[in-house]
Amino acid sequence: TQLLEQSPQFLSIQEGENLTVYCNSSSVFSSLQWYRQEPGEGPVLLVTVVTGGEVKKLKRLTFQFGDARKDSSLHITAAQPGDTGLYLCAGDKGNKLVFGAGTILRVKS
Amino acid sequence: DVKVTQSSRYLVKRTGEKVFLECVQDMDHENMFWYRQDPGLGLRLIYFSYDVKMKEKGDIPEGYSVSREKKERFSLILESASTNQTSMYLCASLRPGAGVVYEQYFGPGTRLTVT
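Residues numbered from 1 in each chain as written. Chains lettered and ligands numbered in written order. Predicted model: local features only at pLDDT ≥ 70, side-chain atom pairs only at ≥ 80, totals over all residues. Heavy atoms only, no water.

Novice: Any details on the side chain of Ser27(A)? Residues and values, ideally.
Specialist: Examined against the element boundaries, Ser27(A) turns out to sit in the loop between strand E3 (19–24) and strand E4 (32–37). Under the relative-accessibility criterion, Ser27(A) is labelled buried at 16%. (Helix = DSSP H or I, 4+ residues; strand = E, 2+ residues; numbered from the N terminus. Buried < 20%, exposed > 50% of the residue type's maximum accessible area, 1.4 Å probe, protein only.)

Novice: Please set out the interface of chain B and chain A residue by residue, giving values where relevant.
Specialist: Contacts between the two partners involve 21 residues from chain B and, on the opposite side, 22 residues from chain A. Each partner contributes to the roughly 1,700 Å² buried at the junction of chain B and chain A, and carbon and sulfur atoms together form 53% of this total. Applying the counting criterion to the chain B and chain A interface returns 2 salt bridges. Across the chain B-chain A interface, the total number found is 5 residue pairs in polar contact (both at pLDDT 80 or more). At the level of elements, strand E4 (31–38), strand E5 (42–49) and strand E10 (102–106) of chain B are the ones that each hand at least two residues to the side of chain B that touches chain A. Residues of the side of chain B that touches chain A, tallied by class, amount to 13 nonpolar, 5 polar and 3 charged. (Contact = heavy atoms within 4.5 Å. Buried area = accessible area lost by both parts, 1.4 Å probe. Salt bridge = Lys/Arg side-chain N within 4 Å of Asp/Glu carboxyl O. Polar contact = N/O pair within 3.5 Å; in protein donor to acceptor, adjacent residues only side chain to side chain. Nonpolar A, V, L, I, M, F, W, Y, C, P; charged D, E, K, R; others polar.)

Novice: Summarise the pattern of salt bridges; cite the residues concerned and give the values.
Specialist: Enumeration according to the criterion identifies 11 salt bridges over all chains in this entry. Glu41(A) is the partner of Arg9(B) in a salt bridge, and the nearest nitrogen-oxygen pair spans 3.4 Å. With Arg9(B) in the loop between strand E1 (4–6) and strand E2 (10–13) and Glu41(A) in the loop between E4 and strand E5 (44–49), this pair bridges two chains. With a relative accessible area of 37%, Glu41(A) lands in the partly exposed category. Here Asp28(B) ties to Lys71(B) by a salt bridge, and the two come within 3.2 Å at their closest N and O atoms. Here Lys71(B) lies in the loop between strand E7 (64–70) and strand E8 (73–78) and Asp28(B) lies in the loop between strand E3 (19–25) and E4, a separation of 43 residues in the sequence.

Novice: Go over the environment of Ser49(B), please, and point to the residues and values.
Specialist: Residue and element names in this part refer to chain B. Mapped onto the elements, Ser-49 comes out in strand E5. Residue classification places Ser-49 among the buried residues on the basis of a relative accessible area of 0%. For the pair Ser-49 and Cys-91, spaced 42 residues apart in sequence, the C-alpha separation works out to 11 Å. Residues in contact with Ser-49, not counting those within four places in the same chain, are Glu-30, Asn-31, Met-32, Met-54, Lys-55, Arg-68 and Phe-74.

Novice: Describe the state of the cysteines, listing the residues and the values that go with them.
Specialist: Taken as a whole and judged by the stated rule, the model has 2 disulfides over all chains. The disulfide partner of Cys23(A) is Cys89(A), and the gap between their sulfur atoms is 2.0 Å. Its S-S torsion of about 75° marks the bond between Cys23(A) and Cys89(A) as right-handed, since a negative value means left-handed. Placement of the pair is Cys23(A) in strand E3 and Cys89(A) in strand E9 (residues 85–92), with a sequence separation of 66 residues. Judged on exposure class, the residue Cys23(A) and its partner Cys89(A) are both buried. In this model, Cys23(B) is linked to Cys91(B) through a disulfide, with the two sulfur atoms separated by 1.9 Å. Residues Cys23(B) and Cys91(B) share a disulfide whose torsion about the S-S bond is about -75°; that sign makes it left-handed. On the criterion of sequence distance, the pair formed by Cys23(B) in strand E3 and Cys91(B) in strand E9 (residues 87–96) is long-range, its members being 68 residues apart. Judged by its relative accessible area of 0%, Cys91(B) falls in the buried class. (Disulfide = S-S within 2.5 Å.)

Novice: Hey, could you go over the packing of aromatic side chains for me, with residue numbers and the actual values?
Specialist: Enumeration over the complete set of coordinates arrives at 10 aromatic pairs over all chains. Note on Trp34(A) and Phe63(A): the rings are 6.4 Å apart at their centroids and 45° apart in plane angle, and the pair reads as tilted. Of this pair, Trp34(A) sits in strand E4 while Phe63(A) sits in strand E7 (residues 61–65), placing them 29 residues apart in sequence. Classification of Trp34(A) as buried rests on a relative accessible area of 0%. Between Tyr35(A) and Phe99(A), the ring centres sit 5.7 Å apart and the planes meet at 45°, which makes this aromatic pair tilted. Separated by 64 residues along the polypeptide, Tyr35(A) in strand E4 and Phe99(A) in strand E10 (residues 97–99) bring together distant segments of the chain. You'll find Tyr35(A) and Phe99(A) in the same group, each marked buried. One aromatic cluster is present, formed by Tyr35(A), Phe99(A), Phe33(B), Tyr35(B), Phe48(B), Tyr50(B) and Phe106(B) through successive ring pairs. Sitting above the plane of the Phe74(B) ring, Arg68(B) keeps its charged end 6.0 Å from the centroid. (Phe/Tyr/Trp six-rings, centres within 6.5 Å; stacked < 30°, edge-to-face > 60°. Lys NZ or Arg CZ within 6 Å of the ring centre and 35° of its normal.)

In structure tokens, the structure reads:
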């Protein structure tokens, strides 16, 4: 059983569409991170959210941390083929990170 | 920029072989981690280390051991490789951020196939 559940598992959309990826848990995290991983590479940190209700923007990407610090979402506006990759959320459980299974995003041109 | 390097990108080993995966970071980070990544399961923590000669079991340590003789190097050892250890192995180094925020930096991964 995953401590962090990500949905959807796969997403295939056309360039220009918007999308949202969800990361849910029954546990509270002191912070939550989002990573993006391209094939054959290690994950790269996109953002860390710390405060309940926090919203962070990174160009066309908007990250939100739930008020109770148990869930998070990633919204991409006007997706581009360069956004294609595996998106992972990870919750901070003190001395280690707990990862979700990931969402594979494919943006078609 | 933080750089985490792993000794091999691809590795093919036979069942029963002893396998060494090496990881080196150049940012003087104290904390280092080994994960394996499998489709649909995400990243699962095998072992981590807080300091030289210190190690802690992660969630799936069975069949693995680690070595941290120098701060910059963290090695993962498969004592007797088995086919169910075929996976992508990722090493990470941790930079403590502000407050309780921890940011991990990953190497490119080693794709290990055990035949």
